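Each chain is listed here by its residues.
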Amino acid sequence: MKLGAFSVSLNVKDIHASKAFYEKLGFSVFAGDIAKNYLIMKNEKTLIGLFQGMFESNILTFNPGWDDNAQKTEAFDDVRAIQQHLKSQGVEMTTEADENTTGAASAVVTDPDGNVILLDQHV
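Residues numbered from 1 in each chain as written. Predicted model: local features only at pLDDT ≥ 70, side-chain atom pairs only at ≥ 80, totals over all residues. Heavy atoms only, no water.

Caption draft 1: Expanded view of unusual backbone geometry. For N37, which is not glycine, the phi torsion reads 70° and is therefore positive. Its location among the elements puts N37 in the loop between β2 (28–33) and β3 (38–43). In this model, E44 sits at a positive phi of 55°, which is unusual for a non-glycine residue. Relative to the assigned elements, E44 resides in the loop between β3 and β4 (46–52). (Helix = DSSP H or I, 4+ residues; strand = E, 2+ residues; numbered from the N terminus.)

Next up, the structure:
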């Protein structure tokens, strides 16, 4: 399966403090809006999302159809195809993408340890 760009979406308490901390590690703002309490920061090919007050826990995020520069890739597995594969393997979906649609969609699964995995397709 081609899951696309990977990032860790962090639930942060103070987005300004987190931004300053990750800048010290060599990250710079890649996308987002600090006024809306979210930033995507990048260091080479590593992406970290900082989200204040948007969700309860950290999330592993995959973006089918995007590379690490948020550019559309030529070939990718659609989130609905990934979802069908996971379901065929007995993986229970926490949230499902509507399989009667095309384009942007998302699905969520939770691993055996309670870690949330977001499949977030923007194309």
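Caption draft 2: Representation of helix α1 (residues 15–24) in the model. Every buried residue of α1 is listed here: I15, S18 and Y22. Projected down its long axis, α1 shows its buried positions confined to an angular sector of 60°, all on one face. Opposite the packed face of α1, turned more than 90 degrees from it, sit the exposed residues H16 and K24. Against β1 (5–12), β3 and β4 lie the buried residues of α1. Sitting at the head of α1, D14 places a side-chain oxygen 3.0 Å from the backbone nitrogen of H16. Count one or two residues on from α1 and you reach G26, which has phi positive near 95°. (Buried < 20%, exposed > 50% of the residue type's maximum accessible area, 1.4 Å probe, protein only. Arc of directions from axis to C-beta. Contact = heavy atoms within 4.5 Å. Polar contact = N/O pair within 3.5 Å; in protein donor to acceptor, adjacent residues only side chain to side chain.)

Caption draft 3: Spotlight on the side chain of T61. Relative to the helices and strands, T61 is located in strand β5 (residues 59–63). For T61, a relative accessible area of 6% corresponds to the buried category. At 2.8 Å, the side chain of T61 and the side chain of S9 are in polar contact. Not counting the four nearest positions on each side in its chain, T61 is found in contact with A5, F6, S7, S9, L118 and D120.

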